[in-house]
Amino acid sequence: MKEQEAYKKLVDNGVRPSVQRLAIMEYLLTHFTHPTVEDVYQGLCNKIPTLSRTTVYNTLRLFSEHQAAQMITIDDHRVCYDGNTSPHVHFFCKQCGKVIDLFGEKAPMPNSRLIDGNFVDEVQLYYKGICSDCKKKSDKQKH
């Protein structure tokens, strides 16, 4: 089922499907952890022995350029990917490094794609802080 969804997402976004591209897209559509290049590589390298980190990196960049996946740049050292390209907000936990979808938070959308003469083709919003799991652990340690 996810394989068909992965195929459709690639084709709909103008990306020519291949075995590796399908596997990477399927991984994004089934792992909601906002994986990094390394996460995707580690998740697939046993299934696809010929897969390289470079292929994963280039494929995820290609997906991002074609709006088949969202590239989330947390900082200079952390870039992760999301198969859900609908507008939504993310939360980055500075303690454990998790990236969490905040679907209950309204994603800002400009009224126009042209703002002060600038063409907007992508909107990202994420909050940084301490996630609820880390906060609970911290609160337990204090007591």
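Bear in mind that the values here come from a model prediction, so they are computed numbers and not experimental data.

Cut-offs and rules
Residues numbered from 1 in each chain as written. Predicted model: local features only at pLDDT ≥ 70, side-chain atom pairs only at ≥ 80, totals over all residues. Heavy atoms only, no water. Buried < 20%, exposed > 50% of the residue type's maximum accessible area, 1.4 Å probe, protein only. Helix = DSSP H or I, 4+ residues; strand = E, 2+ residues; numbered from the N terminus. Pairing = 2+ DSSP bridges. Axes fitted to C-alpha atoms, helices over the stretch in contact; angles between N-to-C directions. Parallel < 35°, antiparallel > 145°, perpendicular 65-115°, else oblique. Left-handed = near helix turned anticlockwise from the far one by under 90°. Contact = heavy atoms within 4.5 Å. Nonpolar A, V, L, I, M, F, W, Y, C, P; charged D, E, K, R; others polar.

Q: Any chance you could break down the pairing of strand β3 (residues 89–93) for me, citing the residues and the numbers?
A: Along β3, 5 of the 5 residues are buried, which leaves the element largely enclosed by surrounding structure. Sheet analysis places β3 next to strand β4 (residues 99–102), joined by 4 bridges and oriented antiparallel. Each bridged residue has a counterpart across the sheet, and for V89 the counterpart in β4 is L102. What sits between the antiparallel neighbours β3 and β4 is a turn of 5 residues, in which G97 has the positive phi angle 85°.

Q: Outline the packing of helix α3 (residues 37–44) against helix α4 (residues 53–65), supporting the account with residue identities and numerical values.
A: The interhelical angle for the contact between α3 and α4, taken along N-to-C directions, is 125°, at an axis separation of 9 Å. Considering their axes alone, α3 and α4 lie oblique with respect to each other. The two elements α3 and α4 cross, and the hand of that crossing is right-handed. Between α3, through V37, E38, V40, Y41 and Q42, and α4, the contact on the second element is made entirely by R53, V56, Y57 and L60. Within the contact of α3 with α4, the residues separate by chemical class into 6 nonpolar, 1 polar and 2 charged.

Q: Tell me what's going on with the sheet that holds β3, and back it up with residues and numbers.
A: Ordered by their spatial adjacency, 3 strands build an open sheet running β4-β3-β7, and the pairing between neighbours is mixed. The outermost strands of the open sheet, each flanked by one partner alone, are β4 and β7 (126–129). Ignoring strand direction, the axes of neighbouring strands in this sheet form an average angle of 25°. For β3 and β7, the ladder comprises 4 bridges, and the chain directions are parallel. Pairing of F91 across the sheet is with Y127, part of β7.

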